[in-house]
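Letter by letter, the chains look like this.
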Amino acid sequence: MFECAEWITHKENKLYEPVCFIKKFYVNGKIKKATLNVTSLGCYYPQLNNKRVGNFILAPGFTSRKRVQYQEYDVTSMLKEASVNNLEILVGDGWYNGKINFGVAQNVPKALIAQLNIEYENGQFEQIVTDSSWLARKDKLRFAELYDGEIYDSNYRDTPVNAQLLSHDKSIIVKQQGPDVIEQERIKPKAIIKAPNGDTLVDFGQNLTGYFEFTTEAKRGQSVAFTVCEELDKEGNFYNENYRDAKARFEYICHEGTNTYKPTLAFWGFRYLRVDSFPCEITLDSINAIVVHSDIKRTGYLDSSSPLLNQLFSNIIWGQKGNFLDIPTDCPQRDERQGWTGDATVFCRTASYNFYCEKFFEKWLTDLRLDQGEKGNIPNIIPQTVCWDWSTTENTGAVWGDSATIIPYQMYLTYGNEEILKNQYDCMVKYLGYIEATTKEKYLWSGCDQFGDWLGLDAPSGSYRGSSNEDFIASVFYYNSVKIVEQVSEIIGKDSQKYKELKEKILEKIRATFKQYKTQTECALALYFDIVEDKKSVAKQLADMIKANDNKLQTGFVGTPYLLHALSQNGYSEVAYDLLLQEGFPSWLYSVKLGATTMWEHWDGKNEQGEFWSENMNSFNHYAYGSVGDWVYQEACGIKPRLPGFEQVTIEPHPTHKLDYLSASIDTKYGKISSKWYHENGKVKYKITTPVSAIVIIDGKAHKVEKGEYTF
Ligand code: BGC
């Protein structure tokens, strides 16, 4: 592909100024098939004869800088026969360059490479490729940058000049690996609000990721301008200090008459728009929000008798939609939107039940192994950006680095994908080597810089790191990763013995070194990862700690995903439910009661008076704590893969009297598995559907069943 095509650029490449590349050509004959292949250094938006080609938003996607994906579009029906055709491809900086790179942007040239193959009915072929015959002009889209937004001047005209050839490696071009990123749904505004300070705000009623589309009548030169935010302050005024350095703006200069527009090379995370300018009175019909994310199919559903809990389930889903835009991001709004590996690690199981995201993670894991450092370290954000290059530094945090083992293994468990294990195996092994080489003490992971139990509420004042022992956390995850590599070695036919031995030595050393657990997170990890021998007493310690803390958790990114599992697996389901159903601060339902429509980054993102805890690091769309979803699927409703990919299933629900009913379903490649429990005449009833043979465990009693529908 692209053998005859050249990379082309504009001779005056300016940062954040998109460039449009143009080719006019005559189609002479009847077309049998026409295919357009395109990629860019930057993000591109292709049009043929004034119509958008394909529907991939922000193509070619976000990958390691070691590769760039190309897209292939069938344009047969878009070409005009016996006529001049006009191909225009707009290229902006996108993820390739700019503030998204976490540092001083470098003015590396935006560039395009394209190849249009036309096959005629008469058997002839024609190829139109990017070369110096293409023209290049500055576009009406005067400015596009992912954090800051777009500026579009519909009256702007530039005279095209010849495109310039750019010498750039073509061997980095690969076929698109992940799912398309597309427009998913349109959301009408819920209300137009007059804020106390006089601002006009559009409220979409849902924190979401994407952009907006508006229509207005205008005089030439009038403008439309919005700034976005997720939350209003306690007075009900616009608040976006938590976007930090991201300006999150949009500006559009109108032409005379009717103006309809939606952005093409930017996205925002928002619930509200502040209307900074609009030519006429903005109404509910003037504008819609457009939700954009990777095209992953919804597979998991949760439902309960509690409206608050159902809102939490919805927030988990929206947290995933908002942060699965080609890569798994920490958040979609502020000046980050990066593939933070730890966030994806703790959320990947819930994510894989909620949506079919095998291909999505396959792509991202490919970038993870491409960006792995030479010493085996896993950069804390994947893909690496041009300025914040972690592959050359020695910094890999536990849990964040364990994305290398935990995520591929979860894809294997959820989807039965062995290929992913084969592809990621060397990366996993190298990662273990990195830990071995950096730890200060053999058979532990100690003495290194860690993120700890990130955002744990038991953090010493002024710190983001919970007070759990960081060496303990790192060593537990080291142990877990060795265990995974041992299992993977067996699955794909490699020597597993050395990992078995290593695993045993690590466990012995952890037990000898960390004899006491002082935090909820330490207890939860000791139980969940089978570190402790006397599970009974540690489970009691954990349950007592929670009760003494008013039935409230204190855990951060690392403890939270395992906390409820550790409780319900050790006889304390009721304590787990106390935490799940807790409405006071801190808890999952606390944010729901304060009106959250997505997951918050911090338990204390906002207090009951409506005050924000800080403008620094306060995202209202961060999925990490949404990891509680997998406890509801796996433990509360009890659906667990017995064989990878749910080829066989175990269903062991944990009902409670605190809810009237709870249900979960997961669409697997074998069909839908569902588990519901409810109370009837003072008894708990279970309704179970399985498409494969299953072991159903009710009140500790196992029933082996074949595919079908059952009530117990
Ligand atoms: C991100 C997190 C991330 C963390 C690690 C933050 O800025 O938003 O979600 O995992 O940094 O330090």
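Since this is a predicted model, take the numbers as computed values, not measurements.

**Structural notes on the site of the ligand**
Step number 1: The full set of residues close to the ligand is Asp-330, Arg-334, Glu-336, Trp-340, Asp-343, Trp-400, Phe-451, Trp-454, Phe-557, Glu-601, Met-617 and His-622.
Step number 2: Interatomic distance of 2.7 Å between a side-chain N/O atom of Arg-334 and an oxygen atom of the ligand.
Step number 3: Within the side chain of Trp-400, one N or O atom sits 3.0 Å away from an oxygen atom of the ligand.
Step number 4: In isolation the ligand offers 310 Å² of accessible surface; the protein chains occlude 96% of this area.
Step number 5: By residue class, the composition of the shell around the ligand is six nonpolar, one polar and five charged.

**Quick look at the sheet that holds strand β10 (residues 135–138)**
Note: strands within a sheet are paired through backbone hydrogen bonds, in either parallel or antiparallel orientation.
Step number 1: Here we have six strands laid out as an open sheet, ordered β5-β4-β7-β2-β10-β13, and antiparallel in their pairing. Every interior strand has two partners, whereas the edge strands, β5 (51–52) and β13 (161–162), have only one.
Step number 2: Relative to strand β7 (residues 83–92), strand β2 (residues 19–27) is paired through nine bridges, and the arrangement is antiparallel. Considered in β7, the bridge of Phe-25 is made with Asn-85.

**As for the nonpolar core**
Step number 1: Phe-226 and Phe-361 are the most contacted members of the largest nonpolar core, which has 210 residues in total.
Step number 2: Not counting residues within four places of it along the chain, the set of residues in contact with Phe-361 comprises Phe-324, Pro-328, Ala-344, Cys-348, Ala-351, Ile-407 and Met-411.
Step number 3: Judged by nonpolar contacts, the second largest core, of 13 residues, contains Phe-2, Leu-41, Tyr-96 and Val-129.

**Quick notes on unusual backbone geometry**
Step number 1: Cis geometry marks the peptide bond from Ala-59 to Pro-60; its omega dihedral reads 10°.
Step number 2: Tracing the chain through its elements places Pro-60 in the loop between β5 and β6 (68–74).
Step number 3: Here the bond from Ile-382 into Pro-383 is cis, since omega is 0°, no more than 30 degrees from zero.
Step number 4: Relative to the elements of secondary structure, Pro-383 occurs in the loop between α3 (358–371) and α4 (403–415).
Step number 5: The phi angle at Asp-550 is positive, at roughly 65°, despite the residue not being glycine.
Step number 6: Looking at the secondary structure, you find Asp-550 in the loop between α9 (535–548) and α10 (560–568).
Step number 7: Accessibility expressed as a relative area gives 54% for Asp-550, which makes it exposed.

**Overview of the domain arrangement of the protein chain**
Step number 1: Assigned domains of the protein chain: these are domain 1 (8–176), domain 2 (182–294), domain 3 (297–636) and domain 4 (650–711).
Step number 2: Centre-to-centre, using C-alpha coordinates, domain 1 lies 52 Å away from domain 4.

**Focus on the sheet that holds strand β37 (residues 701–705)**
Step number 1: In space, the four strands of this open sheet follow the order β31-β32-β36-β37, with mixed pairing throughout. The open sheet is flanked by β31 (639–643) and β37, the only strands paired with a single partner. In this sheet, adjacent strand axes meet at a mean angle of 25° when their direction is disregarded.
Step number 2: Direction of pairing for strand β36 (residues 694–698) relative to β37: antiparallel, over a ladder of five bridges. What sits directly across from Ala-694, in β37, is Val-705.

**What to know about the state of the cysteines**
Step number 1: Counting across every chain of the model gives zero disulfides.
Step number 2: Of the cysteine sulfurs around Cys-427, a residue in no disulfide, the closest is that of Cys-348, at 14 Å.
Step number 3: Taking relative accessible area as the criterion, Cys-427 reaches 3% and is therefore assigned buried.

**Considering the environment of Ile-187**
Step number 1: Locating Ile-187 in the fold gives a position in strand β16 (residues 181–187).
Step number 2: Accessibility expressed as a relative area gives 13% for Ile-187, which makes it buried.
Step number 3: Distance from Ile-187 to Leu-208, taken between C-alpha atoms, is 9.6 Å for residues 21 residues apart in sequence.
Step number 4: Not counting residues up to four positions away in its chain, the partners in contact with Ile-187 are Phe-204, Leu-208, Asn-288, Ala-289, Val-291 and Trp-318.

**Brief notes about the side chain of Asn-259**
Step number 1: Structurally, Asn-259 can be placed in strand β23 (residues 257–261).
Step number 2: Side-chain polar atoms of Asn-259 contact the backbone oxygen of His-255, separated by 3.0 Å.
Step number 3: Polar contacts involving the side chain of Asn-259 include one to the main-chain carbonyl oxygen of Gly-257, which spans 3.1 Å.
Step number 4: Among residues more than four places away in sequence, those in contact with Asn-259 are Ser-154, Phe-214, Thr-215, Thr-216, Ala-218, Tyr-252 and Cys-254.

**Focus: the packing of α10 against helix α13 (residues 628–636)**
Step number 1: Following both chains from N to C, one finds α10 and α13 inclined at 30°, their axes separated by 7 Å at the closest point. Compared by their axis directions, α10 and α13 come out roughly parallel. The residues of α13 that touch α10, namely those facing Leu-564, His-565 and Ser-568, are Val-628, Asp-630, Trp-631, Gln-634 and Glu-635.
Step number 2: Across the contact of α10 with α13, the residue classes break down as three nonpolar, three polar and two charged.

Rules used throughout
- Residues numbered from 1 in each chain as written.
- Predicted model: local features only at pLDDT ≥ 70, side-chain atom pairs only at ≥ 80, totals over all residues.
- Heavy atoms only, no water.
- Near = heavy atom within 4 Å.
- Polar contact = N/O pair within 3.5 Å; in protein donor to acceptor, adjacent residues only side chain to side chain.
- Areas by Shrake-Rupley, 256 points an atom, 1.4 Å probe, with all protein chains shown as cover.
- Nonpolar A, V, L, I, M, F, W, Y, C, P; charged D, E, K, R; others polar.
- Pairing = 2+ DSSP bridges.
- Helix = DSSP H or I, 4+ residues; strand = E, 2+ residues; numbered from the N terminus.
- Core = buried A, V, L, I, M, F, W, Y, C linked by side-chain atoms within 4.5 Å.
- Buried < 20%, exposed > 50% of the residue type's maximum accessible area, 1.4 Å probe, protein only.
- Contact = heavy atoms within 4.5 Å.
- Domains from an automatic or database assignment.
- Axes fitted to C-alpha atoms, helices over the stretch in contact; angles between N-to-C directions.
- Disulfide = S-S within 2.5 Å.
- Parallel < 35°, antiparallel > 145°, perpendicular 65-115°, else oblique.

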